[in-house]
Every structure is written in structure tokens, then in C-alpha cells.
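# Understanding the architecture of this molecule
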Amino acid sequence: MAVAWSGQKLGHAARDVVVADPVVVTAALPRFLADGDRSRLRLDLDNVSGPAGDHQVQVAVSGPLAIEGGAKTVKLAQKARAAVEVPLAAKGVGAGRVEVSVKGPDGRAYVQALALETKPQTSPVVRRNVIALAKGAGVTVSRDMLADIVPGTGSVALSVGKPGALDAATFKLALDGYPYACSEQLSSRLLALVYGSELGMSSQVAGVSPDEVKRQAGEMIARILARQDSNGSFGLWSAEGGDLWLDSYVADVFGRARGAGFAVPDRAFASALDNLRNAIGLRQDQTESDLAYAHYVLAKNGRALLGDLRYLADVKIEEFASPLARAEIGAALAQTGDFARASKAFAAAEIAAPDDAARSDFGSVLRDQAAIVALGAENRIDAAVTPAALRRIGQARRDRPYLTTQENAWLLLAARALKGQSADLALTVDGAAKKGALDETYSGAALGAKPVTVANAGQTPLEAVVTVRGAPLTPEPAAEAGFHLERRYYTTAGVEVDVLGRAEHAARGGGDRHRTGAPPGPRPRRRSPACRLRDRQSGARQLGQAPGALDVGRGAGGGPFRVPRRPLHRGLRPGR
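This report concerns the structure included in the present document. The model shown is predicted, which means the values in this text are computed figures rather than measured ones. (Residues numbered from 1 in each chain as written. Predicted model: local features only at pLDDT ≥ 70, side-chain atom pairs only at ≥ 80, totals over all residues. Heavy atoms only, no water.)

## Brief notes about unusual backbone geometry
Our working definition: Partly exposed describes any residue whose relative accessible area lies between the buried limit of under 20% and the exposed limit of over 50%, with all areas from a 1.4 Å probe on protein chains only and scaled to the type maximum. We count a stretch as a helix when DSSP gives it H or I for four or more residues in a row; a strand needs E for two or more, and each element gets its number in order from the N terminus.
Although it is not a glycine, Lys79 sits at a positive phi angle of roughly 65°. Looking at Lys79, the relative accessible area reads 66%, which means it is exposed. One non-glycine residue with positive phi stands out, namely Asp430, at about 55°. Inspection of the secondary structure puts Asp430 in the loop between strand 15 (426–429) and strand 16 (432–435).

See the structure below:
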């Protein structure tokens, strides 16, 4: 664009400018492949301004990928287009790389590098075993534990400590492998990086260096900050906040990351704290759990509202329904040095009934109990860290094959806070003496080089918790836990049909009367929607059902599920 002017005149002119390679190469790949999948790489070539002639296409792959016919010759006239497809297959699990090179008749080459991840065919499983270690007893962690796990997907977490202690390595392993990334999930995974590095666990997973940990943490922080609104609030997936509990959690994690030396921009962090203070000011005299958490985060970062905290502790503490909210008020007071009021608040949390109602704070009874222990231990409130509190965590965790990111994050914080209680333990690791509890995570490659043996060298009985995580070579068998689902098929008249039996009969060579030579019957007359509805209701009555219900299976108690039929909407035809 050009602009020209004089004393009496002004004018401008504009013209489009195309910036492109003489030969434009567009590659299309699947987002990912599963081990054993076969697909294809499509290359679209557009000779925008290059010379006509033969173009040499060369495709090379690395990692768990294989191709067929990676070298091709394509004749392109000027301004012409062509497409090339190269068969592609996944031969393992991991990060793959596809390199594409197109060389024109003038010797000019156009190069692209594409990333393609291959994943296992099966979903990850978690297997946790607790082993008692008397004096002199030991446990050996070896690659044999991953024998039925897809290579490249397995890892083993080992925690050795006092009986009933929290196995920090298990919680970090679960957070490191979590695949999703809303703001709450990213913040929980960020905690695992921050404190995993502090506990010495990050370097054990595939040789991750401290610099790589900081890089990964920086990417997570940047993604979360991209969802921060102008008022300092955070949204789950975009910059549309308004959830005070989420705002408090993200600010809490950012404060912990800054304290551990990870870079969080000052302005964004200050805006997050300002948002918490403003939210408290707009909701004076309320006793919801998110307000208690906001008070704690402000106090932890040196911006406590001391008058409000004392008023809540002295007058309002029993109005907080959540035990965790009471503990957060106590932890906030402990941050200001008021340990007398803090102890009373934690005592109030001890006698409060568990908050197992509908939750809007990503919480559960297990998460709350773990957070109470973590906050009590971090703030040196000994009354909050009792054997009874740890037993409540064990009871809430029992029979839970999977934990949420919130539960894993706060259990990791609790395990970290309690680590000092195990400083007097005596262990040996491959014969070398070690003091204190052990929390380590080992990759398959590390275990392949050398097994690890940990033994109890002291007088105190210990427990070893071994957690194996990875994708199994064969899918896990079908299972049910208190819920049984059946699928049944019915005609429009309400008569049950054995669809699987008919399919098996057809597969054995059977068929309908048309195939066996029986004369075809008359073509059924098209019935109106009202008639078809009456047929369904009549069939339901014959089956002993209410006309407006459909039996779709049976529950654990043997009774049928009744799913009400939705009314027909005007303008919609039944069956469409």
C-alpha cells in the first residue's frame, strides 16, 4: 500500500502481494496412530510459479513409523496441481517424525518436517501392591514388572515408609500421565512437576533433566495464563472466569511454583490475587468454601485480611459446612502467626461432618481429608495431623481404583508435608545406606539397565507401595462393579428380537424366506406415526410395561431400568 499527498491532494493505492514458495506442498496426516494402524500421508503439490517438469518427492520417517514407496516422481506443468499418497504404518509406540522433500527441475528443494505420535492399542492400567517390610526384608523392582506392558508406556513408582504413610510416587505418577488439560488439571499437573522435582522424583522418569522440568512447567503456566481474564479470573478452557474456587486454586499453585523458583509473571500473579480480594469484598459475611480458600491463598502470599479472618474464626466458623473450609481459615490464621485461633479452627474441622453433598469445587471427601492433613502439616498444626486423620484418608481411598487430579494433587501435598516424620527411617538402596522415606519413579529403560533393591535396615516395620502404570499388551477382561448393563432389541410393536441369533444364523448360511425360495409376502402398508405409536404402546402393555416406558436392561439388583419415552415433538417424524 502506498500513500501520497500534497498541499491540496491526498491519495493512496493498494495491491495484493502473494508470498509463497514457487511450489507449495501441503501435507495431510492423521492426528495420531495406534500401534498396528495403517494410514497414508497425502501431499498436495501446487506449482504456483515454478518451472514445469519432473519433481522428485522423497518421504522419510523415523521413530515407530514405516512407509512404502517413499520416493516418487511427479510431472507438473506450470500452474498445475497434483496429489501424492504414501502408505504409512505404525510399528510401535512413541513420537514419530515424517520428513518430506520435494525437489524441482531447477534443483530447488522444499522441505517439511511433521510430527506424528503413535499410541498403544489399549488404555493405561494402574496396579498397586502394598508389601510389608520387617527388619532386614526388602523389595526388588525390576523390568519383569513391565513384562505384560507395551514397551515405552510403562513405569514403576516405589514408595517405602511407615505403615499407612502416603505414597507420593504413586500420586506423581498419576498426575504425570494425565492426558487432559483444563485449567484445574494443568494446575494439578504443574504441582507434580514443582514438588516432584523438590522430592527428587522428576529425574527418575525417562531421564528428565531439571531444565526439561522447567521447560514443561513454563509451557503449562503459559497455557493457564492464556485463560486469564482481564479481571484476573481464570476460565477452565478459555478466558471466561467467574469460579472463585478455581481462581483460588490456580493462584495457590502459582504461588507454590514461584516459591520453588519457577517463573510466573509478576503482573499476572498480582492480578490473580487482586481478583480474590475483590471477590471477598463483594461477598461479605458469607461462609462458602470458595471464600475460605481465597482467604487462605491471600494470607499465604502476604495479603491477609486479618480482621475478616479473626471475625470468621470467632463468630462464623461453625457456619462453614465444609471441614476443609474451616481448616483453610485456620491455615490462613497460622500464616499470620495467630496459632491460637488457627488451632481452634482446625479443631472445628475435626468435628465437622464430611461434605459429601453435590460439589462445585472439584472436591470429594478424600480430597478434603488430604487437604486438611496437608494444610495442618505445612502450618505446623499438630492437632490436624493425627493417626485418625490418616485413617480417614485410608478409608476414603479404599476400593478406589482411580483418583481425580484434585485427589492426587492434595495427596501429593500431604505426602510432601508429612515427609519429615520419616526422617529417622533407615534403608538401604542396592546396598547403600539411605536415611528417611523413599519415593522414586523408574522408567522401563532405567529398570532394563539394572534392577533396584530396597531393604529395611532399621527396627521399625515399614511398608513398600509398588505402583505399575502402563498400557497392557492385551486388553483387560470385561469387568463390572455394582452395575450390569444388557442390550435388548425390540420391534416397533414392542416384541423382543434376537438380533445376535439372526446374525449368527445368517453367518452359517441361513437366510430369510427370500433366499430360501419362499414366495415374498405382500409389502407392508406404510403406517402413520400415530398408528406406529399405538403399536409400540400396545406391545409395551403385552410385555407388562407402562405404555410410556422402555425396558433397556437390568440393574445390579435384578430390577429393570425404566427409561421414560420422550414425547414426540411437533414437526419431527418418529424413527427419524
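## A word on the sheet that holds strand 7 (residues 65–67)
Test applied: At least two DSSP bridges between two strands are required for those strands to pair. To obtain an axis, a line is fitted to C-alpha atoms, over the contacting stretch when the element is a helix, and the angle between two such axes runs from 0 to 180 degrees between their N-to-C directions.
Here we have 4 strands laid out as an open sheet, ordered 3-5-9-7, and antiparallel in their pairing. Of all the strands in the sheet, just strand 3 (23–28) and strand 7 have a single pairing partner and so form its edges. The average undirected angle you get between the axes of adjacent strands in this sheet is 30°. With 6 bridges joining them, strand 3 and strand 5 (residues 38–47) adopt antiparallel strand pairing. Directly across from Thr26, in strand 5, lies its bridge partner Asp44.

## Points about the sheet that holds strand 15
Pairing between sheet strands relies on hydrogen bonds along the backbone, with the strands arranged either parallel or antiparallel. Here 4 strands make up an open sheet; going across it, the order is 13-18-15-16 and the pairing antiparallel. If you trace the sheet from one side to the other, it starts and ends with strand 13 (138–141) and strand 16, each paired once. In this sheet, adjacent strand axes meet at a mean angle of 25° when their direction is disregarded. With 4 bridges joining them, strand 13 and strand 18 (residues 452–456) adopt antiparallel strand pairing. Opposite Val141, over in strand 18, you have Val452 as the bridge partner.

## Structural notes on the pattern of salt bridges
This is how the line gets drawn: A carboxyl oxygen of Asp or Glu within 4 Å of a side-chain nitrogen of Lys or Arg is what we treat as a salt bridge.
Counting across every chain of the model gives 32 salt bridges. For Asp430, the salt bridge goes to Lys450, with nearest N and O atoms at 3.8 Å. You can see Asp430 sitting in the loop between strand 15 and strand 16 and its partner Lys450 sitting in the loop between helix 13 (444–449) and strand 18, a full 20 residues away along the chain.

## A short note on the environment of Gly448
Note on placement: Gly448 falls in helix 13. It is 8.8 Å that separates the C-alpha atoms of Gly448 and Asp144, two residues lying 304 residues apart in sequence.

## Examining the nonpolar core
The test is simple: As used in this record, nonpolar core signifies buried Ala, Val, Leu, Ile, Met, Phe, Trp, Tyr and Cys residues forming a set joined through side-chain atoms within 4.5 Å. In what follows, residue pairs with any heavy atoms lying within 4.5 Å of each other are defined as contacts.
Core analysis: the biggest nonpolar cluster contains 82 residues, and Phe254, Ile329 and Trp410 have the highest contact counts within it. The greatest single-element share of this core, amounting to 9 residues, is contributed by helix 4 (residues 244–259). In this structure, Phe254 is in contact with Leu190, Ile221, Ile224, Leu225, Phe234, Val264 and Phe269, ignoring residues within four places of it in sequence. Formed by 21 residues, the second largest nonpolar core is a distinct cluster that contains Leu43, Ala90, Val100 and Leu114.

## Let's talk about a nonpolar patch on the surface
Rules: Here, patches come from residues exposed beyond 30% relative accessible area and free of salt bridges, joined within 9 Å for like charges and within 5 Å for nonpolar side chains (Val, Leu, Ile, Met, Phe, Trp, Tyr). A 1.4 Å probe and the Shrake-Rupley method give the accessible areas. Residues count as covered only by the protein chains that appear here.
Taken together, the side chains of Met1, Val3, Trp5 and Leu10 present a nonpolar region at the surface, about 580 Å² in accessible area. Structurally, the position occupied by Trp5 is in strand 1 (residues 2–5). The exposure class of Trp5 is exposed, given its relative accessible area of 65%.

## Overview of helix 10 (residues 365–378)
Using the following cut-off: For a helix, the expected span equals 1.5 Å multiplied by the number of residues minus one.
Along its 14 residues, helix 10 runs 20 Å from first to last C-alpha, staying within 8% of the 20 Å computed at 1.5 Å per residue. The buried fraction of helix 10 amounts to 11 of the 14 residues, a majority that puts the element mostly inside the structure. Leu366, Arg367, Asp368, Gln369, Ala370, Ala371, Ile372, Val373, Ala374, Leu375 and Gly376 are the residues of helix 10 that are buried. Against the buried residues of helix 10 lie helix 4, helix 6 (289–300), helix 8 (323–335), helix 9 (339–351), helix 11 (387–397) and helix 12 (405–417). Phi turns positive, to about 60°, at Arg380, one or two residues after helix 10.

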